[in-house]
Every structure is written in C-alpha cells, then in structure tokens.
Amino acid sequence: NAGVTQTPKFRILKIGQSMTLQCTQDMNHNYMYWYRQDPGMGLKLIYYSVGAGITDKGEVPNGYNVSRSTTEDFPLRLELAAPSQTSVYFCASMEGGSRGELFFGEGSRLTVL
Amino acid sequence: SQELEQSPQSLIVQEGKNLTINCTSSKTLYGLYWYKQKYGEGLIFLMMLQKGGEEKSHEKITAKLDEKKQQSSLHITASQPSHAGIYLCGAGEDTGNQFYFGTGTSLTVIP
C-alpha cells in the first residue's frame, strides 16, 4: 500500500542551490498539498492543487514553485535555497476537499547551509 | 485565511492523568480533523468532526466540536506514554480547497 510517497527523505543544500521534492500518490486523489513544519511548530500550507493543471498559493508560497501535470504527481521546487527554508516538508492528498481524510507522506527533511 | 489556535502549546502529564487540548478557529469550521504526530515522523489521522455538537471517541481519546463549530477539544483519559507526541487540529476552508493546521500541542507523558 504505497499511499503518498515523498522523495528524498533527507537532503542538505547549499545556499543558492535549487532542488525538487517529489510527491506521488496512487489513490487517484484530486486534492494535493505541500506543507512545511518548522521545529516545534504546526504545519504551514505552501501550495495546493485541486486537480491536474490547477495549482494555487497557500500561506507561505514565497521561494517555492509547484506544478501538477498529472493527477499522481505534485513536485515542489525550491529555487535559490535559503537557510529560512530549512524545515520538514510534508506532501498530502485528499479525495475531495475538506470532506475526507488527508493522507500524508512521511516527510522530507531539508537543511540549507 | 483560516487561523487555528491550539492550547496549551505544550503539556507534561504523569501517566494515568487525564488531559484536554483545545483548538479554536477564527471562522466557522467546515470539518475539524485531529492528527497525531510522533516526534520525527509523519501524521496519523485520529478523527474527523463535522456537525455542531458532534462527539467521537477512539480508545481513550474523545474529541468534541462545539455547537457553534468554532472550537474543538481533544480529551485523553488515563494517559499513557504511547500518547506522547504532537497533536494537531486541521480544518478546511468553506470553499473546501485549502486545508489549514493549528499551531500544535506537544504532549509528554511521564511514566
């Protein structure tokens, strides 16, 4: 049972580097989300998507980009990494908006030095 | 955007004690979700409340949504070390698209 799969699980970046966090779900969910979680804090919504080809900004979108070319994949791109982007990133999916369980990936721990 | 405030921010209790975590919204809640996160791991779904006055229980955890649908509480009876972790409330916007989380409550249970 794959569910929501995130890669990589850990990554160290230098300031100014770019990278993409991958997220794939095999549940045919329309809604997908990217969150970041800073130490001891709750989750902040970065971007979300309600279906293939549709993306929108959440609470903290600056410094990130997303795309949704297929239902399954929702990659998160970090351009010009900054120390403030050091965090744990979670991808999640839901069948239909706020009317069901939100399924989470295991998280990707990113450190920017 | 929806704002969800949780209290307390952290909690340390002796094993066997009862405890309550609160989640307050700035807007009417269209579905309130409780998740648990073990330290350094992903999130585990606990339960979902949708109707005003609704109450759900699973093992020793009970969650309630108030009649006005702006506040929820999570109550743990006879806490155990396995209950330790971060508890997060989450809710969708009225449009049903964005999904927000509260500030989190860190629970430590001392054996």
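Residues numbered from 1 in each chain as written. Chains lettered and ligands numbered in written order. Predicted model: local features only at pLDDT ≥ 70, side-chain atom pairs only at ≥ 80, totals over all residues. Heavy atoms only, no water.

Draft legend 1. Structural context of the overall build of chain A. Looking only at helices and strands, one finds zero helices and 11 strands in chain A. Secondary structure elements of chain A occur, N-terminal to C-terminal, as β-β-β-β-β-β-β-β-β-β-β. Since a compact globule built from 113 residues should have a radius of gyration of about 13 Å, the 13 Å found for chain A is in line with a globular shape. For chain A, the C-alpha atoms occupy an extent of roughly 40 × 25 × 25 Å along the three principal directions. Here chain A, with 113 residues, has 48% of them falling under the buried criterion. A separation threshold of at least 6 residues defines the contact pool for chain A, and within that pool the share at least 24 residues apart is 53%. If you sum the accessible surface of chain A, you get close to 5,400 Å²; carbon and sulfur atoms cover 50% of it. Distance between charge centres in chain A, computed from 10 positive and 10 negative side chains, equals 9 Å. (Helix = DSSP H or I, 4+ residues; strand = E, 2+ residues; numbered from the N terminus. Rg over C-alpha atoms; globule rule 2.2 N^0.38 Å. Buried < 20%, exposed > 50% of the residue type's maximum accessible area, 1.4 Å probe, protein only. Contact = heavy atoms within 4.5 Å. Areas by Shrake-Rupley, 256 points an atom, 1.4 Å probe, with all protein chains shown as cover. Lys, Arg positive; Asp, Glu negative; His and termini not counted. Charge placed at Lys NZ, Arg CZ, Asp CG, Glu CD.)

Draft legend 2. Layout of the sheet that holds strand β7 (residues 64–66) of chain A. Residues and elements named next belong to chain A. Sheet architecture is open: four strands sit in the order β1-β3-β8-β7, paired in antiparallel fashion. The open sheet terminates on both sides in strands that have one partner only, identified here as β1 (4–7) and β7. Direction aside, the axes of adjacent strands within the sheet are offset by 20° on average. By the bridge criterion, four bridges tie β1 to strand β3 (residues 19–25) in an arrangement that is antiparallel. (Pairing = 2+ DSSP bridges. Axes fitted to C-alpha atoms, helices over the stretch in contact; angles between N-to-C directions.)

Draft legend 3. Broad picture of the interface of chain B and chain A. Each partner contributes to the interface: chain B provides 22 residues, whereas chain A provides 25 residues. Between chain B and chain A, roughly 1,800 Å² of surface is buried when both sides are summed, and carbon and sulfur atoms account for 54% of that area. Our enumeration of links across chain B and chain A arrives at zero salt bridges. For the interface between chain B and chain A, the tally reads five residue pairs in polar contact (both at pLDDT 80 or more). Secondary structure elements with two or more residues in the side of chain B that touches chain A: β4 (32–37), β5 (43–49), β9 (85–92) and β10 (99–101) of chain B. (Buried area = accessible area lost by both parts, 1.4 Å probe. Salt bridge = Lys/Arg side-chain N within 4 Å of Asp/Glu carboxyl O. Polar contact = N/O pair within 3.5 Å; in protein donor to acceptor, adjacent residues only side chain to side chain.)

Draft legend 4. Here's a closer look at the layout of surface pockets. Its boundaries defined by the atoms lining it, the largest pocket holds a volume of some 400 Å³. Looking at the largest pocket, it is lined by 21 residues, and the ones nearest its centre are Val-88, Phe-90 and Arg-109 of chain A together with Gly-40 and Glu-41 of chain B. Listed by contribution, the elements that provide at least two residues to the lining of the largest pocket are β9 (87–94) and β11 (108–112) of chain A. It is β9 of chain A that provides the largest number of residues to the lining of the largest pocket, a total of three residues. Across the lining of the largest pocket, the residue classes break down as eight nonpolar, eight polar and five charged. (1 Å grid on protein atoms, 1.4 Å probe; cavity = no way out; pocket = protein on both sides within 12 Å on 5 of 7 lines; lining within 4 Å. Points joined across faces, edges and corners; volume = space filled by probe spheres on them. Nonpolar A, V, L, I, M, F, W, Y, C, P; charged D, E, K, R; others polar.)

Draft legend 5. Up close: the nonpolar core. Counting residues in each nonpolar core, the largest one holds 22 residues, and the members touching the most others are Leu-19, Leu-32, Trp-34, Leu-74, Tyr-87 and Leu-107 of chain B. Counting only elements with at least two residues in this core, the list comes to β2 (10–14), β3 (19–25), β4, β5, β7 (61–65), β8 (71–76), β9 and β11 (105–110) of chain B. In this view, Leu-107 of chain B contacts Leu-11, Val-13, Leu-19, Tyr-39, Ile-76, His-83, Ala-84, Gly-85 and Tyr-87 of chain B; residues no more than four positions away in its chain are not counted. Listed in part, the 21 residues of the second largest apolar core include Phe-90, Ala-92 and Phe-104 of chain A together with Phe-101 of chain B. (Core = buried A, V, L, I, M, F, W, Y, C linked by side-chain atoms within 4.5 Å.)

Draft legend 6. Spotlight on the sheet that holds β8 of chain B. Residue and element names in this part refer to chain B. One open sheet accounts for five strands, arranged β1-β3-β8-β7-β6; its pairing is antiparallel. Both edges of this open sheet fall to β1 (4–7) and β6 (55–58), since each of them pairs with a single strand only. For this sheet, the mean inter-axis angle between neighbouring strands, taken without regard to orientation, is 15°.

Draft legend 7. Layout of the state of the cysteines. Residue and element names in this part refer to chain A. As enumerated under the stated definition, the model contains two disulfides over all chains in all. One disulfide bridge connects Cys-23 with Cys-91, the sulfur atoms lying 1.8 Å from each other. Its S-S torsion of about -75° marks the bond between Cys-23 and Cys-91 as left-handed, since a negative value means left-handed. Within this pair, whereas Cys-23 is found in strand β3, its partner Cys-91 is found in strand β9, the two being separated by 68 residues in sequence. (Disulfide = S-S within 2.5 Å.)

Draft legend 8. Main features of the pairing of β9 of chain A. Residues and elements named next belong to chain A. With eight of eight residues buried, β9 is to be regarded as a mostly interior element. Side-chain alternation along β9 places Ser-87, Tyr-89, Cys-91 and Ser-93 on one buried face and Val-88, Phe-90, Ala-92 and Met-94 on a second face that is also buried. Pairing of β9 with β11 involves three bridges; the strand directions are antiparallel. Residue pairing for β11: Tyr-89 is matched across the bridge by Ser-108. Relative to strand β10 (residues 103–104), β9 runs antiparallel, the two being bridged by two bridges.

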